[in-house]
Amino acid sequence: MTSETVTSQQTPHLERQLSNRHIQLIAIGGAIGTGLFMGSGKTISAAGPSVIFVYMIIGFMLFFVMRAMGELLLSNLNYKSFSDFAADLLGPWAGFFTGWTYWFCWVITGIADVIAIAGYSKELWPGLPLWIPGLATVAILLLLNLTTVKAFGETEFWFALIKIIAIAALIVVGLFMIFSGFQSDAGPASFTNLWSHGGFFPNEFMGFVAGFQIAVFAFVGIELVGTTAAEAKDPEKNLPKAINSIPIRVLLFYVGALIILMSVTPWTQFQAGHSPFIGMFSLAGLGAAATVVNLVVLSSAMSSANSGIYSTSRMVYGLAQEGDAPSVFSALSRRKVPQNALFLSCVLLLSGVVLMYAGQDIGKAFDMVTTVSAVCFVFVWSIILASYLAFRRRRPHLHEASKYRMPGGVPMVWVVFAFFAFVLWALTTQPDTLMALLVTPVWFILLGAAWLVLRRRPAHLARYATFQAELTQDLEQEASSIGRELGKVKK
C-alpha cells in the first residue's frame, strides 16, 4: 500500500514529502556509517593498506544489491519497502522474516550508535555518567521523528552534510601534510607509507580476511534509500539517481579517506578503539579541529541512530499493515507519522545503556552488536537478491519493460551470493566475531516460532489477502499500460 492507495478512506497514510536533496543525502548518510569513523582503526590495524581493497570489494558487491532493489521497487510503486516485494515474490514468510530482521538489524545498530555516542561523550566530558548521553540521544531523536517525515529528511540532510564536510576537510588537510613534507614521530607523511611497511598485504591473506569482519558493518544502511520509497517524491527519478552515485561515494568517502589516513601515518600506528580521524587532526597540531572531529563523530552516530529509528518505525508500520505485527503499530498520528512504532524502537534503544553498564567495556560491546548486526544485514541483502531471482522467473515482462535494470542480471546475483558466503566464513576466523555469529541464529529460531503461530491467524490471512489484491491490481494496470505502449509502437 502506498501514499496513493489506502484500504480505508478514513485511514491516514504515509505522505511523499522527501525531496531529491533529502533522498540523495539520506543515501550518502547511509553509505557513511559509524563504522567508518569508529571502526576503521581496528580494520586498518588488522588488514593494513589492503583495507583499501576490502572497502572497494564490499562497495562493488553491494552496488548490485542496490540495483536489484531499485529495479524491484520501481517495478511496482505499491511496494513500500523491500519487505513488501519479498512477501509478494517469495511468499508471506519472506516478508515476515525480512521485515522483522531488518527491524532487529536497525535496533542493534541503534544500540551500537548509542554506545558510540556515550563513548565519545565521555572523551569530550570526562566523568560524565554514561546514561546521560544515551538517554539524551534517544529523547532528541524521538522528538525529531515525531514531527513529520520532512523533518526527518531535513535533519538527516544536515547530519549527512556534516559527515561529507568532515571527510572532505580530512582529505584536504591530509594532502597538504603529504605535499608539504610533514614530519611526525612516526616519520614523514608520504604516499610511500602505503607500501613501505610490509607492502599492501603486511598480514598476508588472513589479515586481509580479518578486514572484512569490521568493514561490512561500515556499509549497513546503504539500503536505507529503499525504505524511503513510500515517502519519496518522484521515486522513478530520485531512487535511480541516489543508487547510481553509490560507487563514486564509496571511492571518495571510504577509499579516498583511508588512503590519506595511511599516507599521513603508517598503518602500524593505528589501533582498535581509537578514531583515525581524530588522531590525524591531533597529529597536525589542530587541537580544536580534533575536538570538532569528535563532535562530527558524535553527529555521525546520531545520524545513524536517526536513520535507524526512522527505518524501524516504517518497517513495523508496514508489517502491521500486512498482519505481521500487532495492528496498534499501523496507526499514524495527525502528522502522518507511525508514532506507536517510533515509541517501540526508542524504548529498545535504551537497552544500549544497560549493555554498557553490564559489560563496562565500550569497545567489546560495540564489536559484539556490530557483528550481530552485520550478519542480519547480510540476510536482508540476500533476501533482496532472492526476490530479484523470483522476479526474473515470474515476471519477465516487467523486467523487459524496466527502464532501470540490474547490470549483470542473474549471473551477478550468484557472484554476490558467493561473496556473502565468504564474508560469513571470514566471521568464523576470529573468536569475538565467531561468538556473535553463533548467537545470531537464536533470532531466526524465535522468528520461526512466531511465524508458525501467526501464519494461521484469520486476521493475518485477511490483511495479507488485501495486500496481495492491491499489488495484483497495480500489476494489472502496469501490464495494461505496457500493452498500450507496445500498441503505439506497432502503429
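If you're wondering where the values come from, they're calculated on a predicted model, not measured in any experiment.

Right, let's talk about the overall build of the protein for a bit. Scanning the protein from terminus to terminus reveals 20 helices and two strands. Counting only residues that meet the buried cut, the protein has 59% of its 491 residues in that class. Within the protein, residue pairs in contact and separated by at least 24 positions form 83% of the contacts whose partners lie at least 6 positions apart. Looking at the protein as shown, the accessible area adds up to about 19,100 Å², and 67% of this sits on carbon and sulfur atoms.

What follows covers helix α17 (residues 409–427). At 3.6 residues per turn, the α-helix brings residues three or four places apart onto the same side. Between its first and last C-alpha atoms α17 spans 28 Å; for 19 residues at 1.5 Å apiece the expected length is 27 Å, and the two agree. Among all positions in α17, only G409, M412, V413, V416, F419, F420, V423, A426 and L427 are buried. Here the buried residues of α17 occupy an arc of 130 degrees about the axis, which is enough to place them on one side. Seen from the buried face of α17, the exposed residues on the opposite side, beyond 90 degrees, are P411 and W414.

Structurally, the position occupied by F417 is in helix α17. Placed 32 residues apart in sequence, F417 and L385 show a C-alpha to C-alpha distance of 8.3 Å. Those residues in contact with F417 that sit more than four places away from it in its chain are S382, L385, A386 and L389.

Right, let's talk about the nonpolar core for a bit. Side chains of nonpolar character tend, in soluble globular proteins, to be buried together. Grouped together as the largest cluster of nonpolar side chains are 129 residues, with contacts concentrated most on I58, F85, W100, F219, M262, W381 and F420. Ranked by residue count, the leading element in this core is helix α5 (residues 92–124), at 18 residues.

To continue, consider the environment of F64. With respect to the element layout, F64 can be found in helix α3 (residues 51–75). For F64, a relative accessible area of 7% gives the class buried. A C-alpha to C-alpha distance of 9.1 Å links F64 and G409, two positions 345 residues apart in sequence. Non-local contacts of F64, meaning those with residues more than four positions away in its chain, are made with L385, M406, P407, M412 and V416.

Assignment of secondary structure puts S75 in helix α3. There is a polar contact of 2.6 Å between the side chain of S75 and the backbone oxygen of L72.

Enumeration over the complete set of coordinates arrives at two salt bridges. In this structure, the salt-bridge partner of R395 is D88, at a minimum N-O distance of 2.8 Å. Taken together, the residues R395 in the loop between α15 (362–394) and α16 (396–401) and D88 in helix α4 (residues 82–90) connect sequence positions 307 residues apart. Its relative accessible area of 9% is what places R395 among the buried residues. Notably, a salt bridge pairs E400 with R405, separated by 3.7 Å at the nearest N-O pair. Judged by relative accessible area, which is 54%, E400 ranks as exposed.

How each quantity is defined
- Residues numbered from 1 in each chain as written.
- Predicted model: local features only at pLDDT ≥ 70, side-chain atom pairs only at ≥ 80, totals over all residues.
- Heavy atoms only, no water.
- Helix = DSSP H or I, 4+ residues; strand = E, 2+ residues; numbered from the N terminus.
- Buried < 20%, exposed > 50% of the residue type's maximum accessible area, 1.4 Å probe, protein only.
- Contact = heavy atoms within 4.5 Å.
- Areas by Shrake-Rupley, 256 points an atom, 1.4 Å probe, with all protein chains shown as cover.
- Expected span 1.5 Å × (residues − 1).
- Arc of directions from axis to C-beta.
- Core = buried A, V, L, I, M, F, W, Y, C linked by side-chain atoms within 4.5 Å.
- Polar contact = N/O pair within 3.5 Å; in protein donor to acceptor, adjacent residues only side chain to side chain.
- Salt bridge = Lys/Arg side-chain N within 4 Å of Asp/Glu carboxyl O.

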